[in-house]
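Residues per chain, in single letters:
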Amino acid sequence: MSDALNIIQDPTLTYKQELLALARLGESTDNSLRYSDEYYEAKRKGALCDLNEGVMPYRPRYICPDYELLFKKGCDFLQLDPPKDLLEAVNALEIFYCHVPSITSFPVYLGDLDKLLEPFVIKEDRAYAKKVLGLFLRNIDRVQTDSFVHADIGPEDSITGRILLELTEEMQLAVPNLTLRYDPEKTSDDFALACVKCMLKTAKPSFANHRMFVNEWGERYAIASCYNGLSVGGGGFTLPRLRLYECALDAKSPDDFIERELPRHIDLQLEYMDKRVKFIVEQSSFFKTNFLVTEGFVKLENFTGMFGVVGLAECCNFLLGIEDKKKGFGMNSEATELGIRIMQAIENRVSEHEAPYCDAYGHRYRLHAQVGIDSDGMDDSPGTRIPIGVEPTMLEQLEVNEKFHPFFPTGTGDIFKFEETYIKTPEAILPIIKGSLANGLRYFSGYLENNDVVRVTGYLVKKSEIEKLRAKKQSLNNVTVFGMGAQDGGHALDRRVQHHEESSC
Amino acid sequence: MKKAPVNKIIQFSNVDGPGNRTAIFFQGCTFNCMFCHNPETINMCRSCGICVPKCPAEALSTGTGGEVLWDFKKCVQCDTCIRLCPHDASPRVNWMSVEDVMQQVRRCAPYIDGITCSGGECTLQAGFMTELFREVRKLGKTCLIDSNGSFDFEKEPEVLEWSEGVMLDVKAVERGWSETLISDSGDMVLKNLEYLKKIGKLFEVRTIIFPGRDVENEYTVRYVAEKIGNACPYKIIRYRPFGVRERFQTIIGEDETDNNYAEKYARLARELGAAKAFVV
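Source: prediction; values computed, not measured.

Caption draft 1: Structural detail: the overall build of chain A. Assigned secondary structure in chain A consists of 20 helices and 17 strands. Computed over C-alpha atoms, the radius of gyration of chain A comes to 22 Å, within 12% of the 23 Å expected from 2.2 N^0.38 for 505 residues, which places it in the range of a compact globule. Principal axes of the C-alpha set define a box for chain A whose edges measure 65 × 60 × 50 Å. Going through the 505 residues of chain A one by one, you find that 64% of them count as buried. As displayed, chain A has an accessible area near 18800 Å², and 51% of this comes from carbon and sulfur atoms. Side-chain charges in chain A split into 58 positive and 77 negative, and the spacing between the mean points of these groups amounts to 2 Å.

Caption draft 2: Representation of the interface of chain A and chain B. Contacts between the two partners involve 25 residues from chain A, matched on the other side by 20 residues from chain B. Both sides together, the interface formed by chain A and chain B hides about 2000 Å², and carbon and sulfur atoms give 55% of it. On the surface where chain A and chain B come into contact, there are two salt bridges. Taking the shortest distance from any N to any O, the salt bridge between R107 of chain B and E399 of chain A comes out at 2.6 Å. Counting every contact that joins chain A to chain B gives six residue pairs in polar contact (both at pLDDT 80 or more). Among the secondary structure elements, those contributing two or more residues to the side of chain A that touches chain B are helix 17 (394-404) and helix 18 (430-438) of chain A. The dominant element in the side of chain A that touches chain B, judged by the number of residues it contributes, is helix 17 of chain A, at six residues.

Caption draft 3: View of the sheet that holds strand 1 (residues 48-49) of chain A. Residue and element names in this part refer to chain A. The strand order across the open sheet built from four strands is 1-9-11-12, with neighbouring strands paired in mixed fashion. Taken across any chain shown, the strands that pair with only one partner, and hence form the sheet edges, are strand 1 and strand 12 (366-369). Bridge count for strand 11 (residues 306-310) against strand 12 is four bridges, and the pairing is parallel. Looking at strand 12, one finds that G308 is bridged to H368. Where helix 12 (residues 254-283) meets the sheet, it contacts strand 1, strand 9 (241-243) and strand 11, and its direction lies at approximately 140° from that of strand 11.

Caption draft 4: Structural view of the pairing of strand 13 (residues 414-418) of chain A. Residue and element names in this part refer to chain A. Counting buried positions over the five residues of strand 13 gives five, a clear majority of the element. With burial as the criterion, each face of strand 13 is covered, one bearing D414, F416 and F418 and the other bearing I415 and K417. Of the pairings in the sheet, the one linking strand 13 to strand 14 (residues 443-448) comprises five bridges and is parallel in character. If you follow D414 over to strand 14, its bridge partner there is F444. On the question of chirality, the crossover connecting strand 13 to the parallel strand 14 by way of helix 18 is right-handed.

Caption draft 5: Seen up close, the domain arrangement of chain B. All names here are of chain B. Along its sequence, chain B is organised into domain 1 (3-40 + 97-279) and domain 2 (46-92). Taking only C-alpha atoms, the centre of domain 1 and the centre of domain 2 are 28 Å apart. The interface is formed by seven residues belonging to domain 1 together with five residues belonging to domain 2. Carbon and sulfur atoms make up 39% of the surface buried where domain 1 meets domain 2, a total of about 430 Å² over both sides. Inspection of the region where domain 1 meets domain 2 yields two salt bridges. One salt bridge in this structure joins R247 and D88, with 3.7 Å as the shortest N-O distance.

Conventions used here
Residues numbered from 1 in each chain as written. Chains lettered and ligands numbered in written order. Predicted model: local features only at pLDDT ≥ 70, side-chain atom pairs only at ≥ 80, totals over all residues. Heavy atoms only, no water. Helix = DSSP H or I, 4+ residues; strand = E, 2+ residues; numbered from the N terminus. Rg over C-alpha atoms; globule rule 2.2 N^0.38 Å. Buried < 20%, exposed > 50% of the residue type's maximum accessible area, 1.4 Å probe, protein only. Areas by Shrake-Rupley, 256 points an atom, 1.4 Å probe, with all protein chains shown as cover. Lys, Arg positive; Asp, Glu negative; His and termini not counted. Charge placed at Lys NZ, Arg CZ, Asp CG, Glu CD. Contact = heavy atoms within 4.5 Å. Buried area = accessible area lost by both parts, 1.4 Å probe. Salt bridge = Lys/Arg side-chain N within 4 Å of Asp/Glu carboxyl O. Polar contact = N/O pair within 3.5 Å; in protein donor to acceptor, adjacent residues only side chain to side chain. Pairing = 2+ DSSP bridges. Axes fitted to C-alpha atoms, helices over the stretch in contact; angles between N-to-C directions. Right-handed = clockwise from strand over helix to strand, strands pointing away. Domains from an automatic or database assignment.

Here's what the structure looks like:
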């Protein structure tokens, strides 16, 4: 049976999911973008992974439009005037979102919704504003049917932010993903606590380290897709990843890995990125004719390439001959120190590389702790995370995270699952978040043990939707199928639960 | 250097006072409550050695003086030893100095609001706690005492100086019921209730509601509610048989207290002026 026939006969795919699968299939029929034999060999071995980005990129992977510009000057191509009231504002956004491409064909960044909409919300009666925003969120959930669709709020408290939190809790939707940009000087405890309460009930928002991101990107940064730091008015060209465990399989020792095998694989991934970035800019039509570019909603110089890594834990355990994961990376200072050496080696080599374009970042790519894909199974844990099932106490997990998060301007994060008593004590979670962000954690996600909406690796799914797929029914959300794969292959929902009785001695 | 027997330290606790707290549980208690959920913390190990050969991880051994020794690194926390112990004790106790405890607290400090000392009965280590609190205060963190009220705070108030206050259990008021339930008259508990309120160190009061004990429950709740008024939260706790020694379950109940039944007492307490009474 042909691949195309498989797709159109699959009972679990919606019409739109079929269409996207057929588009990927069509893209794969061209092979004019070629890489070195060594690259293909490393890919075949599983040491390099292109995350199924497709062989002929026709848009950057992640695009973060400048929505403030839309509200300031409108959009000629979409025939939108600057909005004058709340209805016009959400209508303009709903239309615009449908024309923002990405790797998933859904917009991965919806804007800083509270800042964008606050001037309109404050002119309206609160109940009316809430009604409009509720319909706006419903539109996003049913039209942008993909959990990598992401909106940001904060760092300041606002009426719009509060209404969005209320609606998020009431509506229990997987889309959009949501981040609070947390700054201890700008975010009040009261607003942060409202976010913690919402997070416990709906697995969102997550908490981003605002100061850390501002230092790297400036004030105008976006958190997009899972947890990806990018520039507003820019984005990420491409995101391939080193599967570090597989990269290490031929290494004779940790030193041999760092001196020989690691640089070799880094260079192959850089070759892939360079060719791909040039192709997107020079060959595909996106940067020449797309209205997002021609009208200035994104600028070429604000894009960068995202250099992804995955499976650091398994890599370190393998190199040190540690077979029992419980005694490995995260629990074992030798393994954790090796992890730091490896990350420094990666950071150094990537920062020495002169990348094409990426003008705003000194022609440099930026590191990303890739969150894993459903087919990774248990071989490569997400980014630099401690493997699921062997996590130490929450304190120890945070301490390890804090060592690794600063390496990844284009995103990393960890997820903590809390048991039921925490719903009554959200004020017990806020100091943990504040302390860890102050100590170098980049991104904190949490959810409550028995929720329907849960965070898998970086994205959200509904457990009830996974059950639909298991029953061979369709799920509107494109990402539910990844959630099912991550649950089955990577036990992604079985992460350690923060109980109140954990002891240290 | 002064050392105290520590049963365990919980790095992050959301149930031992407000916010996120590091909770230090000392070994040894002054009461023997029928409903105790962790009876292995009541007595000090007598080194009878019964548990030593039964440890599946070989974490227990006998020292040269006949004392039972515990190897933390080998221990798999299976709880075999504490289930076997005929003395309501545990061989898994660390004798720690203030500095030993502070090393743990300093590590937790960026993420916590403060610490809570609990037990067993932490006031058995009042001198140790005073020193510990003084150090913890230097980190800008708060210190709470979780106590059964058997310690004479009026006579030795130093430990209160560095503490935000006491979370006091008032388990029984009527003398006969108290002697049955906690093996003590409870007189000191009631004295402390008044003293701590008077000096503003009563942080919260807790009472457990037992199933079917209408007379005893009401007597206790009435007394406490009238005494404390609006001074502090009054937590009405439902009895849960989980972890309670079997021989006592048959006396005080094998069933959990019904939530509506507990709510009745929270309402009563509020009617009597304890505005901050609620069921947890």
